[in-house]
Amino acid sequence: MILNAVLSTDGLDLEERQMVELLECRYGDGMVYLPRTRPRQLLSIAKIGGFIDAEGYLTRKGRILLARYF
């Protein structure tokens, strides 16, 4: 059971890192751009998770996530 918890945590950590990499792809206007190498679902997940708003701009929650990594 402990192994499952570790695997789940590692999977979540990997997803978080992918989200952070996506959120870093923004320019001076603050809009997040999806690189060609990333799946389109990642952008949808970021919107559903509240990391970016409906227009594609970084939200407060997204800035907090980025601050944990940098």
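Residues numbered from 1 in each chain as written. Predicted model: local features only at pLDDT ≥ 70, side-chain atom pairs only at ≥ 80, totals over all residues. Heavy atoms only, no water.

Moving on, we come to the confidence of the model for the chain. Atomic detail in the predicted coordinates should be set aside for any region of low pLDDT. On average, residues of the chain score 83 in pLDDT, and 83% of them are at 70 or above. When the elements of the chain are averaged for pLDDT, helix α1 (residues 2-23) gives the smallest value, 64, and helix α3 (residues 60-69) the largest, 94. Every residue in residues 1-10 is under pLDDT 50, and counting partners more than four places away or in other chains gives zero contacts. (pLDDT = per-residue confidence, 0-100. Helix = DSSP H or I, 4+ residues; strand = E, 2+ residues; numbered from the N terminus. Contact = heavy atoms within 4.5 Å.)

Note: α-helices contain 3.6 residues per turn, so residues at a spacing of three or four share the same orientation. Along helix α2 (residues 40-48), the positions that sit buried rather than exposed are L42, L43 and A46. Down the axis of α2, the smallest arc covering the buried residues is 100°, so these residues share one side. Among the exposed residues of α2, those pointing more than 90 degrees away from its buried face are R40, Q41 and I48. Downstream of α2 by one or two residues, G50 has phi in the positive range, about 85°. (Buried < 20%, exposed > 50% of the residue type's maximum accessible area, 1.4 Å probe, protein only. Arc of directions from axis to C-beta.)

So, on to the side chain of T59. If you trace the backbone, T59 turns up in the loop between α2 and α3. Among the polar contacts made by the side chain of T59, one reaches the main-chain carbonyl oxygen of G50 at a distance of 2.5 Å. If we skip the residues at most four places from it in the chain, T59 touches G50, F51, I52 and D53. (Polar contact = N/O pair within 3.5 Å; in protein donor to acceptor, adjacent residues only side chain to side chain.)

Enumeration over the complete set of coordinates arrives at one aromatic pair. In this arrangement the basic side chain of K61 is found over the ring face of F51, its NZ or CZ atom lying 5.0 Å from the centre. (Phe/Tyr/Trp six-rings, centres within 6.5 Å; stacked < 30°, edge-to-face > 60°. Lys NZ or Arg CZ within 6 Å of the ring centre and 35° of its normal.)

The subject of this paragraph is the nonpolar core. The biggest cluster of nonpolar side chains holds 13 residues, and the ones touching the most others in it are M19, L22, L23, A46, F51, I52 and L65. Residue assignment for this core shows that the elements contributing at least two residues are α1, α2 and α3. With four residues, the top contributor of residues to this core is α1. In contact with M19, not counting residues within four places along its chain, are L42, I45, A46, F51 and L65. (Core = buried A, V, L, I, M, F, W, Y, C linked by side-chain atoms within 4.5 Å.)

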